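# Secondary and tertiary structure notes
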Amino acid sequence: MNIIIAGAGTVGYLLSQSLSIKHNVIVIDKDIKKLERLDDEIDIFVIKGDIEDPKTYKDLPIDRADLFIAVADSDEANLLSTLVAEDVVDIGKKIVRLKNDGFVKSHVLKKLSIDYAIFPDILTARRIKSLLAFPKANNVKAFHQSKHKLISIKVERKDCIDYRVSDIRDSDVRVIGIERDKRLFTPNLDDKITNGDLVYLYGNVKKIEELSFKLDEVMPSVIKRVVIFGANTQAQKIALALLTKDIEIKIIEKDRALCQEASALLGEKVMVINSAYEDHKLFEDEGIKYADMVIAGGHNDEKNIVKCVEAKEYGIPKVVAINNDKSYYNLMHKMGLVVVRGSKASANFEILEKISSSSIVTQRHYCGGMGVLFMRKIYPNSQLIDKSIRYKKIKGVKVLLTRDEEIFDISDVKSFQQGDIIIVSGDIAKKEEMRRWIYSL
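Note that the coordinates shown come from a computational prediction; the quantities given were computed from them, not determined experimentally.

### Quick look at the overall build of the protein
Counting secondary structure elements, the protein contains 14 helices and 24 strands. A compact globule built from 441 residues would reach a C-alpha radius of gyration of about 22 Å, and the protein, at 23 Å, matches this within 12%. Counting only C-alpha atoms and orienting by the principal axes, one finds that the protein spans roughly 65 × 65 × 40 Å. A total of 441 residues make up the protein; the buried ones form 54% of that total. The contacts in the protein between residues at least 6 apart in sequence include a share of 62% that link residues at least 24 apart. For the protein, the distance from the average site of its 70 positive side-chain charges to the average site of its 66 negative ones is 4 Å.

### Brief notes about the side chain of Ser346
Secondary-structure assignment places Ser346 in helix α13 (residues 343-356). The exposure class of Ser346 is buried, given its relative accessible area of 0%.

### Some thoughts on the packing of aromatic side chains
Under the counting rule described, the total for this entry stands at 6 aromatic pairs. Here Tyr57 and Phe68 contribute two aromatic rings whose centre-to-centre distance is 6.2 Å and whose plane-to-plane angle is 55°, an arrangement assigned as tilted. Taken together, the residues span a long stretch of sequence, with Tyr57 in helix α3 (residues 54-58) and Phe68 in strand β4 (residues 64-70) at a distance of 11 residues. For the pair formed by Tyr57 and Phe68, the shared burial category is buried. Ring geometry for Phe229 versus Phe283: centroids 5.8 Å apart, planes at 40°, classification tilted.

### Brief notes about the sheet that holds strand β17 (residues 293-296)
The strands making up a sheet associate through hydrogen bonds between their backbones, and the pairing can be parallel or antiparallel. Judged by pairing direction, the sheet is parallel, and its 6 strands sit side by side in the order β16-β15-β14-β17-β18-β19 without closing on themselves. In the strand order of this sheet, the two ends are held by β16 (270-274) and β19 (338-341), each with one partner. Sheet twist, expressed as the mean angle between neighbouring strand axes with direction ignored, is 20°. One ladder, built from 4 bridges, connects β17 with strand β18 (residues 318-323); its direction is parallel. What sits directly across from Val294, in β18, is Val319. Where helix α8 (residues 233-242) meets the sheet, its contacts fall on β14 (225-229), β15 (248-253), β17 and β18, and the angle it forms with β14 comes to roughly 165°. Helix α11 (residues 301-313) contacts β14, β17 and β18 of the sheet and is inclined by roughly 175° relative to β18.

### As for the sheet that holds strand β6 (residues 116-118)
Across the sheet, which stays open at both edges, the 6 strands sit in the order β3-β2-β1-β4-β5-β6 with parallel pairing between neighbours. Strands at the two margins of the open sheet, each flanked by one partner only, are β3 (45-48) and β6. Within this sheet the neighbouring strands show an average axis-to-axis angle of 20°, counted without direction. Note that strand β1 (residues 2-6) and β4 share 4 bridges and pair parallel. Within β4, the residue paired with Ile3 across the bridge is Leu67. Across the sheet, α13 touches β4, β5 (90-97) and β6, and the angle it forms with β6 is around 160°.

### Brief notes about the pairing of strand β21 (residues 371-377)
Sheet faces and side chains relate simply in a regular strand, where the side chains alternate between the two faces. Of all 7 residues in β21, 6 are buried; the element is thus mostly enclosed. The sheet contact formed by strand β20 (residues 361-366) and β21 spans 6 bridges and is antiparallel. Across the sheet, Gln363 pairs through a bridge with Phe374, a residue of β21.

### Quick word on the nonpolar core
In this structure, Ile128, Leu201, Ile228, Leu242 and Ile295 are the most contacted members of the largest nonpolar core, which totals 44 residues. Of all the elements, α8 adds the most residues to this core, at 5 residues. Ranked by size, the runner-up nonpolar core spans 35 residues in total, among them Tyr200, Ala291, Val339 and Ile421.

### As for the pairing of β15
Most of β15 is tucked away: 5 of the 6 residues are buried. Of the pairings in the sheet, the one linking β14 to β15 comprises 5 bridges and is parallel in character. Paired with Phe229 across the bridge in β15 is Ile252. Following the chain from β14 across α8 to the adjacent parallel β15, one finds a crossover that is right-handed. Handedness of the crossover joining β15 and β16 through helix α9 (residues 256-266): right-handed.

### A closer look at helix α7 (residues 205-215)
The α-helix winds at 3.6 residues per turn, so residues separated by three or four positions along the chain end up facing the same way. Buried within α7 we find Ile208, Leu211, Ser212 and Leu215. End-on, the buried residues of α7 take up no more than an arc of 115°, which puts them together on one face. Where α7 is buried, its residues contact β8 (146-154), β9 (163-164), β10 (173-180) and β13 (198-203). Among the residues of α7, the N-terminal cap falls to Asn204, whose side-chain oxygen and the backbone nitrogen of Lys206 are separated by 3.0 Å.

### Remarks on the side chain of His365
Mapped onto the elements, His365 comes out in strand β20. Sequence-distant contacts of His365, that is, excluding residues within four places in its chain, are made with Lys141, Arg341, Phe349, Leu352, Glu353, Gly371, Val372, Ile428 and Lys431.

### What about the environment of Phe229?
Checked against the element boundaries, Phe229 lands in strand β14. Separated by 70 residues in sequence, Phe229 and Asp159 place their C-alpha atoms 33 Å apart.

### A look at the confidence of the model for the protein
On average, residues of the protein score 92 in pLDDT, and 99% of them are at 70 or above. Taken element by element, the protein is modelled with least confidence in helix α10 (residues 282-285), mean pLDDT 81, and with most confidence in strand β24 (residues 421-427), mean pLDDT 97.

### What to know about the packing of α8 against α9
Put simply, α8 and α9 touch, their axes get as near as 11 Å, and they point 25° apart. One way to sum up the angle between α8 and α9 is to call them roughly parallel. The handedness of the crossing between α8 and α9 is right-handed. Of α9, the residues touching α8 (which contributes Gln236, Ala239 and Leu240) are Leu258, Glu261, Ala262, Leu265 and Leu266. Of the residues in the contact of α8 with α9, the class split is 6 nonpolar, 1 polar and 1 charged.

Rules used throughout
- Counting restarts for each chain: residues are numbered from 1 in the order of the written sequence.
- Residues qualify for local features only when their pLDDT is at least 70, as the model is predicted, and side-chain atom pairs are given and counted only at 80 or more; totals for whole chains, interfaces and linings, by contrast, use all residues.
- Water and hydrogen atoms were dropped before computing side-chain values, which therefore reflect all heavy atoms in the structure.
- Here a strand is any run of E in DSSP of at least two residues, a helix any run of H or I of at least four, and the numbering for each starts at the N terminus.
- Taken over C-alpha atoms, the radius of gyration is set against a globule rule of 2.2 Å times the number of residues to the power 0.38.
- Burial classes: relative accessible area under 20% of the type maximum marks a residue as buried, over 50% as exposed, and values in between as partly exposed (1.4 Å probe, protein chains only).
- Residue contacts follow a heavy-atom distance rule, with two residues in contact if any of their heavy atoms lie within 4.5 Å.
- Within this scheme the basic residues Lys and Arg register as positive and the acidic residues Asp and Glu register as negative, but His and the chain ends are omitted.
- Here the site of a charge means NZ on Lys, CZ on Arg, CG on Asp, or CD on Glu.
- In this scheme Phe, Tyr and Trp rings, the latter by its six-membered ring, pair at centre separations within 6.5 Å, and the angle between planes marks the pair as stacked below 30 degrees, edge-to-face above 60, and tilted otherwise.
- Strand pairing requires that DSSP identify at least two bridges connecting the strands.
- Only the stretch in contact is used when fitting a helix axis, every axis being a line fitted to C-alpha atoms; angles between N-to-C directions are given from 0 to 180 degrees.
- Here, nonpolar core refers to any group of buried Ala, Val, Leu, Ile, Met, Phe, Trp, Tyr and Cys residues whose side-chain atoms link them within 4.5 Å.
- A crossover counts as right-handed when, viewed with the strands pointing away from the observer, the path leading from the first strand over the helix to the second turns clockwise.
- Directions drawn from the helix axis to the C-beta atoms are what define this arc.
- Identification of polar contacts relies on pairs of N or O atoms within 3.5 Å, with a donor-acceptor requirement for protein atoms, meaning one able to donate a hydrogen and the other able to accept it, and with residues adjacent in sequence counted only if both atoms are side-chain atoms.
- Within a predicted model, pLDDT stands for the predictor's per-residue confidence, ranging from 0 to 100.
- Roughly parallel means an angle under 35 degrees; roughly antiparallel means over 145; roughly perpendicular covers 65 to 115; every other angle is labelled oblique.
- When the near helix sits turned anticlockwise from the far one by under a right angle, the crossing is termed left-handed; a clockwise turn instead gives a right-handed crossing.
- Gly is put with the polar residues, along with every residue not named as nonpolar or charged; the nonpolar set is Ala, Val, Leu, Ile, Met, Phe, Trp, Tyr, Cys and Pro, and the charged set is Asp, Glu, Lys and Arg.

Right, dumping it as structure tokens:
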């Protein structure tokens, strides 16, 4: 495909890295330094220009783009660029990243014929909110085709008794991956599950919740008190999402203007504390040490890590770090933190998943992008109904089939039936092999 990316910031760079492997990518930005970095490191075509100026698009080496992706820092620039570009170039689909969630219910997106609008701060807030329903989880992923979820649990047992993968394999839940020592792998039935492992469980939510109490004895069983460090837009959206739950929320922020902004948005239900929160006494003075969950919600990963270290020193059971820079992901995990994608990482993965998914196949990333999962449902009138299943095993890839909410290995099923859901998961390095198989059914 021919793909135009408007904006060469962090999200534009990450998208270029991934999409340039299989597609022709053109990146437009006014910042020559950002473009030079892209040009030096990635095999793409770069153009210096204003994404809101029609003249910029007249210099393109193509007259049709299959995708136009606007990910500049300005909502106005992103929206206007879709109109301006379409007036000069024939565009297939348009994707925009937006900060202002006022556009969620607005008719503007429809009027501009925008196919997908990504709201990264809302995505991050929803991920945090899902942790309240599953207090012992590190991450929760839902799928529109299935009631089953993909939930990661960190193994932290005081008795250090090892489980085997076979111990938690039944018709309700399966282990599809284990992250250990910065490496994700698809386990065999006889593999041990040890302390420190991050185990990815796919299946029935209630069953996974039961297992979480066996695998983890450190995380809280209920979350009632939450502290958020930071009052930026992202942190405010997180607090807003948590307001629907019956919990006590405190926000700590040193910028008075941001405090006032957060107070105006969140009202009296959230206590906003203006403090230069580098002071260690804050945990004592404001009762933060009694929190069930602390969230470091800043845009600087190093500062987020420092706050998380302080929280862990006080014995706070669930400590969450917002991850903005992928290079800090493994460090955060190694420190025993719950890692949640920040707005830029959320935008990147959400856009990639939108591009790679179709009306019949959904693609999702997990384990910080080290793993990928494809899901396909057999709908009425599908040509796959009653078709024999032929699967050539791919090393390091797990293939499951759910039928009437029961989970089977693909090798145990002879043919497809209406309502079946096929799940293929494994290391990101196997992505193309997995994609080819599930689309070729």
